[in-house]
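# Observations on the model geometry
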Amino acid sequence: MIAASSSSVLKQLPSSVFNADNTLHFNYNPPLRTPFPRLNSNLAPTTSRFIISCQSTSTNEPKTKRNLLDNASNLLTNLLSGSNLGSMPIAEGAVSDLFGRPLFFSLYDWFIQHGSVYKLAFGPKAFVVVSDPIVARHILRENAFSYDKGVLADILEPIMGKGLIPADLVTWKQRRRVIAPGFHALYLEAMVKIFTKCSERTIRKFEKLLEAKDRQGGKDIELDMEAEFSSLALDIIGLGVFNYDFGSVTKESPVIKAVYGTLFEAEHRSTFYIPYWKIPLAKWIVPRQRKFQKDIQFINNCLDELIKNAKDTREETDVEKLQQRDYSNLKDASLLRFLVDMRGVDVDDRQLRDDLMTMLIAGHETTAAVLTWAVFLLAQNPLKMKKAQAEIDLVLGQSTPTYESIKNLEYIRLIVVESLRLFPQPPLLIRRSLKSDSLPGGHKGDKDGYVIPAGTDIFISVYNLHRSPYFWDQPNEFEPERFLVKKSSPDIEGWAGFDPSRSPGALYPNEVVSDFAFLPFGGGPRKCVGDQFALMESTVALAMLLQKFDVELRGSPESVELVTGATIHTKSGLWCKMRKRC
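Residues numbered from 1 in each chain as written. Predicted model: local features only at pLDDT ≥ 70, side-chain atom pairs only at ≥ 80, totals over all residues. Heavy atoms only, no water.

### A closer look at the overall build of the protein
What counts here: The numbering of helices and of strands both runs from the N terminus, where a helix is a DSSP run of H or I of at least 4 residues and a strand a run of E of at least 2. The buried label applies to any residue whose accessible area, calculated with a 1.4 Å probe on protein chains only, is under 20% of its type's maximum; exposed applies above 50%, and partly exposed to all values in between. When checking whether two residues touch, look at their non-hydrogen atoms; a contact exists if any pair is within 4.5 Å. The method behind every accessible area is Shrake-Rupley, applied with a 1.4 Å probe, and residues are considered shielded solely by the protein chains displayed.
When helices and strands are counted, the protein shows 20 helices and 19 strands. Considering the protein as a whole, with its 582 residues, one finds that 59% of them fall into the buried category. Contacts spanning at least 24 positions in sequence make up 74% of the contacts within the protein whose residues lie at least 6 apart. When the accessible surface of the protein is totalled, it reaches about 23700 Å², and 53% of it is carbon and sulfur.

In structure tokens, the structure reads:
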């Protein structure tokens, strides 16, 4: 149950959805489906996911079974681990509330009820849930090396190996020093050309469909924009990271099917509570695990071949010279080329493969999701869409975006980050304490803070941070302009407020200007290394779409149902009507 706000989505819901106390109820149904309606139904087996359907439901649910389950869960938690967390507020009833419901929605309810730091009782295990920028800053930046990825690393290591996301601290420090220099200014400038090249493919595809429709007497086409953005993001990440053209906008191939199968499995493992894939022989007995093993082997073989080809043409040089290459005329400007050519870094093929696999999955997911929700929000706000198109016309005319013109597409950039605020990708950051620590109490928390023992698993709820009524004005409203306005909060001790001038020269708002109230790519040392790549990619793709087309939802906003896992998706795609701009 979530308090009704004045957001544009909620305002369009029928009054029957609301109760007398102005609260909104959601009906949750656990479907069987793949997380993306991509290409065709044969790409991957179905997986168990959660959806949100905005429908009126009765709140008079039987409580007996729920209380028995919850009491047993809380008893186990307090006996085995809960006592170690002292007087921290407890989200009791957590286990039953999690069934059939996206986790981040429940975490928000308990945040409003229990405060910014609370204990989630979950059987024999307790999780600490953080919804406060002061506490998040302590974990992610001020005491970052006292934490690792914990549960997330356990889940993702079989897929990403020792890539940056699941890597232990020692491996992470080594690889971060090597990979971060690859995302330099000249590389990003070269990538903008790839962003436009791949976006042009998508635009041409839409134009051909509209031309065919026009010959039949129609003026618009209906497309699943989530699927289209997913294909676009896959093509970009392939060319930009390891110089491989998937061509998924216009074709299918065994590689694409294997990539999506692996993406589905990563999502599945991030949302499934019991790691059954660790059971001996499961990878041979369970059909979906057999398919996953086949998919991952197929991709690994492909990546191994790309790595071999890159090493066969290696031109070893210092990192400074690599960053000064003439990327405008470089045949292969990929990140793989940079990593292979870097002098003094004789990394083995397995580590390179893990790095590439991590960037393939993480880079693809974020961009496809942010573009999906940007269009979803703009379609409900036609005046903001017109404002965005006016800026595009002024800055670009009929030209394609360049690295320099992105700097002038201010409103488009703000739309991208506001979409990430409302629909963060991912909605949760997961950490595990490597040693005992004392967390700050945060806003309205215990002024003495909370002592946590080593091994404590922590959920930093980015969704809660981004929609917190304590740190954002009208947090559920789609207002890209909010990032231009300084917000001082002297009444919140320990939080510096929001100040765009705090990060001079930054094209996009970040955790620095918001003092950790805005964390679309994490924060601190383990912040996502490809954040500027993803943000620029989204800016280019969105600008080129709105430059040519008007977009509206095929149905009502409430008909777009959410599913969540590592990122936030739709249940059945984002179906839109598209027509050429007049």
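Alright, that's what it looks like, and here's the rest.
### Quick word on the packing of helix 9 (residues 225–242) against helix 15 (residues 349–379)
Applied cut-off: The convention used is that axes are lines fitted to C-alpha atoms, helices contributing only their stretch in contact, and that angles between N-to-C directions extend from 0 to 180 degrees. For any helix crossing, the convention is left-handed if the near helix is rotated counterclockwise from the far helix by under a right angle, and right-handed if that rotation is clockwise. Classes in brief: Ala, Val, Leu, Ile, Met, Phe, Trp, Tyr, Cys and Pro nonpolar; Asp, Glu, Lys and Arg charged; the others, Gly included, polar.
Between helix 9 and helix 15, the shortest axis-to-axis distance is 8 Å and the interhelical angle comes to 145°. Crossing angle aside, the handedness with which helix 9 passes helix 15 is right-handed. Together, Glu 226, Phe 229, Ser 230, Ala 233, Leu 234, Ile 237, Val 241 and Phe 242 of helix 9 and Leu 356, Met 359, Leu 360, Gly 363, His 364, Thr 367, Ala 368, Leu 371, Thr 372 and Val 375 of helix 15 make up the contact between the two elements. Each residue belonging to the contact of helix 9 with helix 15 can be placed in one class, and the counts come to twelve nonpolar, five polar and one charged.

### With respect to empty space enclosed by the protein
Test applied: Points on a 1 Å grid over protein atoms alone make up a cavity when a 1.4 Å probe fits among them but cannot get out, and a pocket when they form an open set with protein on both sides within 12 Å along at least five of seven lines; lining residues each have an atom within 4 Å of a point. Grid points are joined across faces, edges and corners, and a volume is the space filled by probe spheres set on the points.
Within this structure, the stated rule accounts for five cavities of 30 Å³ or more. Computed from the structure, the largest cavity encloses a volume of approximately 60 Å³. For the largest cavity, the full set of lining residues is Tyr 508, Pro 509, Asn 510, Glu 511, Pro 520, Phe 521, Gly 522, Lys 527, Asp 531, Gln 532 and Leu 535.

### Remarks on the pattern of salt bridges
Heads up, the rule is: A pair is scored as a salt bridge if a Lys or Arg side-chain nitrogen falls within 4 Å of a carboxyl oxygen belonging to Asp or Glu.
Inspection of the entire model under this criterion finds 38 salt bridges. A salt bridge links Arg 337 to Asp 341; the nearest nitrogen and oxygen atoms lie 3.0 Å apart. With Arg 337 and Asp 341 both in helix 14 (residues 335–341), this residue pair falls four residues apart, about one helical turn. Its relative accessible area of 1% is what places Asp 341 among the buried residues. Ionic pairing is found between Asp 354 and Arg 350, a salt bridge with its closest N-O pair at 3.5 Å.

### Structural notes on the UniProt feature "binding site: heme" (unreviewed entry) in the protein
The test is simple: UniProt positions are given in the numbering used here, feature names are shortened, and annotations may be inferred rather than shown by experiment.
Under the UniProt annotation, "binding site: heme" (unreviewed entry) lies at Cys 528. Turning to its location among the elements, Cys 528 is positioned in the loop between helix 19 (462–466) and helix 20 (531–548). Looking at Cys 528, the relative accessible area reads 35%, which means it is partly exposed. The residues contacting Cys 528, other than those within four sequence positions of it, are Arg 176 and Phe 521.

### Here we look at the packing of aromatic side chains
Each aromatic ring pair is characterised by the separation of its centres together with the angle its planes make. Rule in force here: Working definition: rings of Phe, Tyr and Trp (its six-membered ring) pair if their centres are within 6.5 Å, and the pair is stacked with planes under 30 degrees apart, edge-to-face with planes over 60 apart, and tilted otherwise. Both a distance and an angle decide whether a charge sits over a ring: NZ of Lys or CZ of Arg must be within 6 Å of the ring centre and within 35 degrees of the ring normal.
The tally for this structure, following the rule as stated, stands at 25 aromatic pairs. Ring centres of Phe 127 and Phe 459 lie 4.8 Å apart, and the angle between their planes is 20°; on these two criteria the pair is classed as stacked. Of this pair, Phe 127 sits in strand 9 (residues 125–130) while Phe 459 sits in strand 15 (residues 457–461), and the two are 332 residues apart along the sequence. As far as the burial class goes, Phe 127 and Phe 459 line up, both buried. Taken together, a centroid distance of 6.2 Å and an interplanar angle of 85° make the contact between Phe 242 and Phe 246 edge-to-face. With relative accessibility at 2%, the residue Phe 242 sits in the buried group. One residue, Lys 387, lies across the ring of Tyr 411, its end atom 4.4 Å from the ring centre. Taking the ring centre of Phe 423 as reference, the NZ or CZ of Arg 467 above it sits at 5.7 Å.

### A word on the sheet that holds strand 19 (residues 575–580)
This is how it is decided: Only when DSSP finds a minimum of two bridges between them are two strands counted as paired.
Read from one edge to the other, the open sheet built from three strands follows the order 11-19-16, with strand pairing classed as antiparallel. This sheet does not close on itself; its edge strands, each paired only once, are strand 11 (221–224) and strand 16 (549–553). Each neighbouring strand pair of the sheet contributes to a mean axis angle of 35°, computed without reference to strand direction. The pairing of strand 11 with strand 19 spans four bridges and is antiparallel. Each residue of the ladder has a partner; that of Ile 221, found in strand 19, is Met 578. Along the sheet, helix 8 (residues 185–215) makes contact with strand 11, strand 16 and strand 19, crossing strand 11 at roughly 145°. Contacts from helix 20 reach strand 16 and strand 19 within the one sheet, and its direction differs from that of strand 16 by about 100°.

### Details of the side chain of Thr 372
Checked against the element boundaries, Thr 372 lands in helix 15. Note on Thr 372: relative accessible area 0%, which makes it buried. When residues no more than four places from it in sequence are discounted, the contact partners of Thr 372 are Glu 226, Phe 229, Thr 570 and Leu 574.

### So, the pairing of strand 15
Moving residue by residue along a regular strand, the side chains alternate between the two faces of the sheet. For strand 15, the tally of buried residues reaches five of five residues, placing the bulk of the element in the interior. Where burial is concerned, the two faces of strand 15 agree: the one with Asp 457, Phe 459 and Ser 461 and the one with Ile 458 and Ile 460 are both buried. Note: strand 12 (residues 428–433) against strand 15, five bridges, orientation antiparallel. Bridge pairing in strand 15 links Leu 429 to Ile 460.

### Digging into the packing of helix 9 against helix 20
Convention followed: Should an angle fall under 35 degrees it is called roughly parallel, over 145 degrees roughly antiparallel, and 65 to 115 degrees roughly perpendicular, with every other angle called oblique.
Between helix 9 and helix 20, the least distance of the axes is 12 Å, while the angle of their chain directions is 130°. With respect to helix 20, the element helix 9 is oriented oblique. Crossing angle aside, the handedness with which helix 9 passes helix 20 is right-handed. In this structure, helix 9 uses Met 225, Phe 229, Leu 232, Ala 233, Ile 236 and Ile 237 to contact helix 20, whose residues at the interface are Phe 533, Glu 537, Ala 541 and Leu 545. Here the contact of helix 9 with helix 20 is composed, by residue class, of nine nonpolar, no polar and one charged.

### Quick notes on the pairing of strand 19
As judged from the five bridges shared by strand 16 and strand 19, these two strands associate in the antiparallel manner. Its bridge partner being in strand 19, Asp 550 is matched across the sheet by Arg 579.

### Considering helix 12 (residues 287–312)
Each turn of an α-helix holds 3.6 residues, which means side chains three or four residues apart point in the same direction. Going by this rule: Under the convention used throughout, the expected extent of a helix is 1.5 Å for every residue step, that is, one less than its residue count.
Under the 1.5 Å per step criterion, the end-to-end length of helix 12 is 38 Å for 26 residues, consistent within 8% with the ideal 38 Å. Taken together, the buried positions of helix 12 are Arg 288, Gln 289, Phe 292, Asp 295, Ile 296, Ile 299, Asn 300, Cys 302, Leu 303, Leu 306, Ile 307 and Ala 310.

### Looking at helix 5 (residues 133–142)
Keep this limit in mind: We call two N or O atoms a polar contact when they sit within 3.5 Å, provided that within protein one can donate a hydrogen and the other can accept it, with sequence-adjacent residues counted only if both atoms are side-chain atoms.
Judged by how many residues are buried, helix 5 sits mostly within the fold: eight of ten residues are covered. Between the side-chain oxygen at the start of helix 5 and the backbone nitrogen of Ile 134 there is a gap of 2.7 Å, and the oxygen is on Asp 132.

### Considering unusual backbone geometry
Residue Pro 426 is reached from Gln 425 by a cis peptide bond, and omega for that bond is 10°. Looking at the secondary structure, you find Pro 426 in the loop between helix 18 (410–422) and strand 12. One non-glycine residue, Leu 281, lies in positive phi territory at about 75°. Inspection of the secondary structure puts Leu 281 in the loop between helix 10 (254–271) and helix 11 (282–285).

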